[in-house]
Amino acid sequence: MAQDLGVPVVLKFGGSSLATAERIRLVAERIAERHRQGDAVVAVVSAQGDTTDDLLDRLHELAPQPPAREVDMLLATGEQQSAALMAATLSTLGVPAVSLTGWQAGIATDRSHRRARIHGIAPQRIRRLLASGRVVVVAGFQGVSEGGDVTTLGRGGSDLTAVALAASLGGTCEIYSDVDGVYTADPRIVPDARRLEAIGYDEMMELAALGAQVLQGRAVESAWQHGVEVHARSTFTDGPGTRVHALAGTERSQPVTGVALDRKVARVLCQQVPDQPGSAARLFGALAEAGINVDIIVQSPSHEGRTDLAFTIADDDATQAEEIARRAVVQIGAGHVSRDADVAKVSVVGAGMLSRPGVASQAFKALADEGINIIAIATSEIKISCLVRREEADLGLRALHRAFQLADA
Ligand code: ADP
Ligand code: ASP
Ligand code: MG
């Protein structure tokens, strides 16, 4: 007879939490503990340690530009290993457990390899297993396309697996990593960063998109869409963690909530482009067609009918973006294209800045006081981003953190 499941709990463990046999055992103990308490537990696991990067290195050695389908076939094995290792370890603790790949778990995606979107989840198999008293261990970061191919969900995508499963099962979502919550800055770069009790979906999404890798941006977006509260916690200590949920305006007392750093950016510079209607449309149209996301765009004042156009992209896209820009610029009848990989983006994020003028100037001054030159600026209602030289980025991040007094609440 099927037993009443109650509210299932989805617990996600990241790569660093599973890096060694000892850590897998420790995580298994945590899962076993929840199971003994009577929780219906779904555990989502990432690939161990640096497995994903190692697999990519091995692949690129053999195929510098591998077909995206094969990238996904390969990368998905990392999470599959973790799931089997975890389920087997749980069984040694007397906990009945079953591991499932993404497709076995019913996770259906579109066909866009390496950054697939989840279309839907058929949770029946997981429900049946939970009802039979088992812990279900799901390989994170992967699904299956309509065509029956293995897909992956973008870097950090196990977070998305966890959120999507929680939404589909009507469960709660806890994301465990080597840090005990979301901080005002990456504590590895800013030692006096402070843990936040809670953060709004909007700000967390912005921080994640701007480089705070503690949660995947798309996972936060999905949590927001489905109203899933995400609880970010430490694998290794028992603390209150950080709750990511909808925050009311009155709960935002500070203009700035956190700062973030993204080193994985590059800049493409197109010089001496004819300053005429259609130039930008042609260039950015070609980039959009290739699926490349363009971030900060700067056009300099025109001089004798010519202008310089610079834009930033993720550094994974830099080679392709430079090639496309070179072709487009030839068609437009111009100039010179070059690439600058020695840049990084520092950002301040806060929904509270909407109602306070002066945040931008305060940020620029903080950077200037450290002698840091700003190459380009981008703003939205809740963020200010500055492109700086990569070697100055850590210093810049600490300066911004200090300027907005984020260390002391
Ligand atoms: P996992 O492997 O568990 O998915 P990640 O390495 O993806 O974990 O994310 C955890 C790391 O995110 C931390 O070790 C920390 O250095 C980094 N990080 C960056 N920004 C922040 C932030 N604002 N708060 C907490 N951690 C952050
Ligand atoms: N292993 C994948 C990555 O490194 C997914 C994840 O860890 O969430 O990006
Ligand atoms: Mg992660």
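Everything below is about the structure shown above.
All residue numbers here refer to positions counted from 1 along the written sequence of the relevant chain. Here the convention is simple: chains get letters from A, ligands get numbers from 1, in the order in which they are written. Whole-chain, interface and lining totals are the exception, using all residues; otherwise, since this is a predicted model, local features are given only for residues with pLDDT of at least 70 and side-chain atom pairs are given and counted only at 80 or more. Based on all heavy atoms of the structure, the side-chain values leave hydrogens and waters out of the count.

Now for the site of ligand 1. As a matter of local geometry, ligand 1 sits amid 18 residues, with Asp178, Tyr183, Asp186, Arg188 and Gln213 nearest to it. A distance of 3.2 Å separates an oxygen atom of ligand 1 from a polar atom in the side chain of Lys12. We define a polar contact as two N or O atoms separated by no more than 3.5 Å, with the added condition that, inside protein, one atom must be a possible hydrogen donor and the other a possible acceptor, whereas residues neighbouring each other in sequence contribute only through side-chain atom pairs. Between ligand 1 and Tyr183, the relevant distance is 2.9 Å, taken from a nitrogen atom to a main-chain nitrogen or oxygen of the residue. Side-chain classes are defined by residue name, with Ala, Val, Leu, Ile, Met, Phe, Trp, Tyr, Cys and Pro counting as nonpolar, Asp, Glu, Lys and Arg as charged, and the others, Gly among them, as polar. Its residues assigned to classes, the shell around ligand 1 comprises eight nonpolar, six polar and four charged. Definition of nearness: a residue and a molecule or strand are near each other if at least one heavy atom of the residue lies within 4 Å of the molecule or strand.

Neighbouring ligand 2 are the residues Ser46, Thr52, Glu79, Phe141, Arg155, Gly156, Gly157 and Ser158. A distance of 2.8 Å is found between a nitrogen atom of ligand 2 and a side-chain nitrogen or oxygen belonging to Thr52. The contact in question runs from an oxygen atom of ligand 2 to an N or O atom on the backbone of Gly156, over 2.9 Å. For the shell around ligand 2, the per-class residue count stands at one nonpolar, five polar and two charged.

Further remarks concern the nonpolar core. If you look at the biggest cluster of nonpolar residues, it comprises 44 residues, and the most contacted ones within it are Ile126, Val138, Leu165 and Met204. Listed by contribution, the elements that provide at least two residues to this core are β2 (41-45), α4 (124-131), β6 (135-139), α5 (158-169), β9 (172-177), α6 (201-209), α7 (217-226) and β11 (230-234). Sorting elements by how many residues they give to this core places α5 first, with seven residues. Any two residues whose heavy atoms approach within 4.5 Å at even a single point are treated as in contact. When neighbours within four sequence positions are excluded, Leu165 is seen to be in contact with Val10, Val42, Val44, Ile107, Ile121, Ile126 and Val138. As used in this record, nonpolar core signifies buried Ala, Val, Leu, Ile, Met, Phe, Trp, Tyr and Cys residues forming a set joined through side-chain atoms within 4.5 Å. Burial classes follow relative accessibility: with a 1.4 Å probe on protein chains only, a residue under 20% of its type's maximum area counts as buried, one over 50% as exposed, and anything between as partly exposed. Counting residues in hydrophobic clusters, the runner-up holds 26 residues, among them Val179, Val259, Ala366 and Ile384. Starting at the N terminus, helices and strands are each numbered in turn, a helix being any DSSP run of H or I of at least four residues and a strand any DSSP run of E of at least two.

It is worth spelling out the sheet that holds strand β16 (residues 306-314) at this point. Think of it this way: DSSP has to see at least two bridges between two strands before they count as a pair. Spatially, β15-β16-β14-β17 is the arrangement adopted by the four strands of the open sheet, whose pairing is antiparallel. Pairing within the sheet leaves two strands with one partner each, and these edge strands are β15 (297-299) and β17 (336-340). This sheet shows a mean twist of 15° between the axes of neighbouring strands, independent of strand direction. Pairing geometry for strand β14 (residues 265-274) and β16, over eight bridges, is antiparallel. Paired with Ala266 across the bridge in β16 is Ile313. For every element, the axis is a line fit to its C-alpha atoms; helices are fit only across the contacting stretch, and the angle between N-to-C directions ranges from 0 to 180 degrees. Against the sheet, helix α8 (residues 279-289) engages β14, β15 and β16, with an angle of about 20° to β16.

Further remarks concern the sheet that holds β2. Spatially, β3-β6-β2-β1-β9-β11-β12-β10 is the arrangement adopted by the eight strands of the open sheet, whose pairing is mixed. Edge positions in the open sheet fall to β3 (97-100) and β10 (198-200), since each of these has one partner strand only. Neighbour to neighbour, the strand axes of the sheet diverge by 20° on average, direction disregarded. For β9 and β11, the ladder comprises five bridges, and the chain directions are parallel. Paired with Glu174 across the two strands is His231, which belongs to β11.

Glancing now at the packing of helix α2 (residues 51-62) against helix α3 (residues 68-92). In a packed pair of helices, the relevant descriptors are the angle between the two axes and the axis-to-axis distance. Between α2 and α3, the least distance of the axes is 9 Å, while the angle of their chain directions is 150°. By the angle between their axes, α2 is roughly antiparallel relative to α3. Along this stretch, α2 crosses α3, giving a crossing that reads as right-handed. Contacts from Thr51, Thr52, Leu55, Leu56 and Leu59 in α2 reach Val71, Leu74, Leu75, Thr77, Gly78 and Glu79 in α3. Among the residues forming the contact of α2 with α3, the class breakdown is six nonpolar, four polar and one charged. Note that the term roughly parallel is reserved for angles under 35 degrees, roughly antiparallel for angles over 145, roughly perpendicular for angles of 65 to 115, and oblique for everything else. By definition, any crossing whose near helix is turned counterclockwise from its far helix by less than a right angle is left-handed, and any crossing with a clockwise turn is right-handed.

We define a salt bridge as a side-chain nitrogen of Lys or Arg found within 4 Å of a carboxyl oxygen belonging to Asp or Glu. Within this structure, the stated rule accounts for 24 salt bridges. Residue Asp340 pairs with Arg267 through a salt bridge whose shortest N-O separation is 3.5 Å. You can see Asp340 sitting in strand β17 and its partner Arg267 sitting in strand β14, a full 73 residues away along the chain. In terms of burial, Asp340 and Arg267 fall into one category: buried. Linking Arg389 and Asp340 is a salt bridge whose minimum nitrogen-to-oxygen distance equals 2.7 Å. Separated by 49 residues along the polypeptide, Arg389 in strand β20 (residues 383-389) and Asp340 in strand β17 bring together distant segments of the chain.

Purely geometric stuff here, so don't read any function into it on its own.
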